[in-house]
Structure formats: structure tokens, C-alpha cells
Protein chains: 2
Amino acid sequence: MKIAADTFDEYLRKVRSFHGNAAPGVMLGGIMVSLAQSKLPPSGLYDAICETDRCLPDAVQMLTPCTIGNGWLRILNTGRFSVTLYDKHTGVGVRVFVAADKVKKTSEINKWFFGLVSKQQQDTEKLLGEIELYGESVLGVRSVQVDMAALVLPEPDYVLCASCGESHLAGGGGLCLICRSETLIADR
Amino acid sequence: MKIAADTFDEYLRKVRSFHGNAAPGVMLGGIMVSLAQSKLPPSGLYDAICETDRCLPDAVQMLTPCTIGNGWLRILNTGRFSVTLYDKHTGVGVRVFVAADKVKKTSEINKWFFGLVSKQQQDTEKLLGEIELYGESVLGVRSVQVDMAALVLPEPDYVLCASCGESHLAGGGGLCLICRSETLIADR
């Protein structure tokens, strides 16, 4: 089992460093990103869509040039544990997802993925072992066309907030979201 | 100028590797995160809020344990170029922001921050030099109280989509967002 250029254990160490712990979602996520990459021409320039904000985005950020801050990774939160890598010019790409019917044939992955045990009850070592051995077998792959026009948002306007004086997204009657809420992030 | 444990140039090299290029927003963002950290007791456990999805989240992910995938970094998109680090138990923290009135006293930072020149016209080397020398002088710092109760979302329900069969966020009449849209990410 290789995850991009790394062995499972090498990737696991990198996950501990970036994500803070060897979370099953980032480990399975690494296998997913790797699988998607293996289906695409290596010379292309790919953007990424994660359909969840849990764990999976960190696998994308670790294994591809796509990050939240550079905008090449988008989170489109349908809640599906799925990643799509697609050509940034044509929208043609590959979607890798967790296939519920395949997960049900496993033991530890099934318990974790469907939340059948609490985190405290979870046997993480056994689960990570199963992800290493059988992770790829619970995945599905599809060739997809991403509707890029639907993803492009208009360039927003920025104005100075009439209260705090900082530059913020226009709208809200001249006040930024935080000055409107007063309590969300309050001076003390 | 140190950014956490790094010199400006060492941090710049890490930014090129993670973010893809030495974007001014990630460079200034590094100074912002560093400044916030210097105002907090080093022993605490801090979560982060970025008020923009542009560049700044990558500085947070590079310099703190907070990532999008582990949930310790949240993006609350007011559009303000601002980061808050706060104690995850009490909500007490520090907010660092770009002060528009201070930016107006600079040359290159002013042109970049207020979009007065196109990316093509921008003298990036000069801009990065100004960020290194004067970046900290355009920032403001406030002690803040984060309303953590307002940030906590209820644990969502997941169900299997009646069309694709994948586990997704409940709602939408039994279909996941992508099966409802049909074209957003379409099989080909």
C-alpha cells in the first residue's frame, strides 16, 4: 500500500504532524486522493472538490498542490465522504467516494464510518490496520464532468466597515458581520 | 523579522511549497499568526477563526495545529483579513487584523491590499520586501471573547442517498446535493 510516494507508515507520520493525530478519515482520505491521482494524466493541472469538511480536506492539502487558502481546494459540503480532482481548464476529472455497500462488508471500517461505536470504544489500531489492508476495497471511482461555471462566484466588493473601519465584504448596511453581531467576536 | 521559529526567507520557502507561490497574503498572514501567538500564553490550546478564505487560512495551517480538516480552524467569511486565536475552553483570545488607516500610509502594501493595481502590474519583490520590513506596522491587535456557543453547530444526521447510495447529510428529500443538481459533478 503506497500513498502517493509514501508507505502507509510514512504517510501516517506526516498526518500526525499536519492533522494532529492519525485520524482514520485522513488515512482513508490519503488512499482516496492517491487513487484519484492514479487515474489522471500526471501532466495535468487539477483542482479539488471535497464533499465534506471532515478530515478529507487535510489529505488533499497534504498530497496535492490544492489548499483552502490558494482556492484550488473547494469544500462543497454535501456530507458525502468524497473527493473529486478535475482539470482546471476543462472540468473533466475523477471522483473517488466511499461506497456504503462495500463498507458494510468490513468490520472496523463499517463501525467507524457509520458511527456504530463511540470514539472511546473504537479500536483505532485495528481500524487503521483494516484501512491499510482493505481501504481501497471500500472505494468507488467515477469519471466526471464538473460544471465549473456553477462553481465560479462573482468577484465580491470590499468596503470599509462604518464601525471597526476594516475592509470587509460589501453588504450588511455598511457594517461587517462581526460588528453587526456584537457578541460573536467581542472586544474585551 | 521572525515568523514563529523561522526567518522571513525560511517561511517564504515553506509557503512556496505548501501554498504554491509566495503569495503576499500568506506572507503577511504569517506575521499576523506569529503576532497573535506572541500575545497568548504558550501553554494554552487555541482554536482559530479566519475571517477570509483567501491566503490567510494557509498561514494558520502552516504555523498552528489548526487545520480545516481537524476542525480547529474555522472560516467565518466576513471578508475582513483577520485571524483570531482563542482558548478552546474559554473563548478568550487575541484577534489580529489589517488596519485600513495604517495600510494607507504604505506604498506597495496599500496598492496590493486595496486592489489598486492588477496582479500583472504588481511589483511582487518590492511588495514582499515591504511586508518583511513594515508588515507588522499595518496590523492591529485586540483582546477578544469568542461566543463559542454561537459557533457550535448541531451534530448532523447522515443518511444514504436514494440515488447514488452514498452516505450524505440528511435533508433534500432523500437525495444528496449532487444527485439533486445532476450537472454540478456529473458522471461521464
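For the structure itself, consult the block above.
Let me sum up the structure you'll find in this document. Numbering of residues starts from 1 in each chain and follows the order in which that chain's sequence is written. Chains and ligands are labelled by the order in which they are written, letters from A for the one and numbers from 1 for the other. In keeping with the model being predicted, local features are shown solely for residues with a pLDDT of at least 70 and side-chain atom pairs are shown and tallied solely at 80 or more, while totals for entire chains, interfaces and linings include all residues. Only heavy atoms go into the side-chain values, all of them from the structure, while hydrogens and water stay out.

## Structural notes on the pairing of strand β5 (residues 82-87) of chain B
Residues and elements named next belong to chain B. Accessibility here uses a 1.4 Å probe with only protein chains present; expressed as a share of the type maximum, an area under 20% marks a residue as buried, one over 50% as exposed, and anything in between as partly exposed. Strands here are runs of E lasting at least two residues and helices are runs of H or I lasting at least four, both read from the DSSP assignment and numbered beginning at the N terminus. The element β5 is extensively covered by neighbouring structure, given that six of its six residues are classed as buried. Alternating positions in β5 separate into two faces, S82, T84 and Y86 on one and V83, L85 and D87 on the other, with burial throughout. Strands are labelled as partners when DSSP assigns at least two bridges between them. With five bridges connecting them, strand β3 (residues 46-50) and β5 associate as antiparallel partners. Paired with C50 across the two strands is V83, which belongs to β5. In this sheet, strand β6 (residues 92-98) lies alongside β5 in antiparallel orientation, the contact comprising five bridges. Looking at the pairing, V83 lines up with V96 of β6. With antiparallel pairing between neighbouring strands as the criterion, β5 and β6 make up a hairpin whose turn holds four residues, including G91 at a positive phi of roughly 80°.

## Notes on the side chain of B:R95
All names here are of chain B. With respect to the helices and strands, R95 occurs in strand β6. Owing to a relative accessible area of 5%, R95 belongs among the buried residues under this scheme. Pairs of N or O atoms are called polar contacts if they sit within 3.5 Å, as long as, within protein, a hydrogen donor faces a hydrogen acceptor (for residues adjacent in sequence, only side-chain-to-side-chain pairs). Here S82 takes part through its side chain, which lies 2.9 Å from a polar atom of the side chain of R95.

## Quick word on the pattern of salt bridges
All names here are of chain A. Any Lys or Arg side-chain nitrogen found within 4 Å of a carboxyl oxygen on Asp or Glu counts as a salt bridge. Applying the stated rule across the entire model yields 20 salt bridges over all chains. With a closest N to O distance of 2.9 Å, D47 and K88 form a salt bridge. Of this pair, D47 sits in strand β3 (residues 46-50) while K88 is found in the loop between β5 (82-87) and β6 (92-98), placing the two residues 41 residues apart along the sequence. Given the relative accessible area of 12%, D47 is considered buried.

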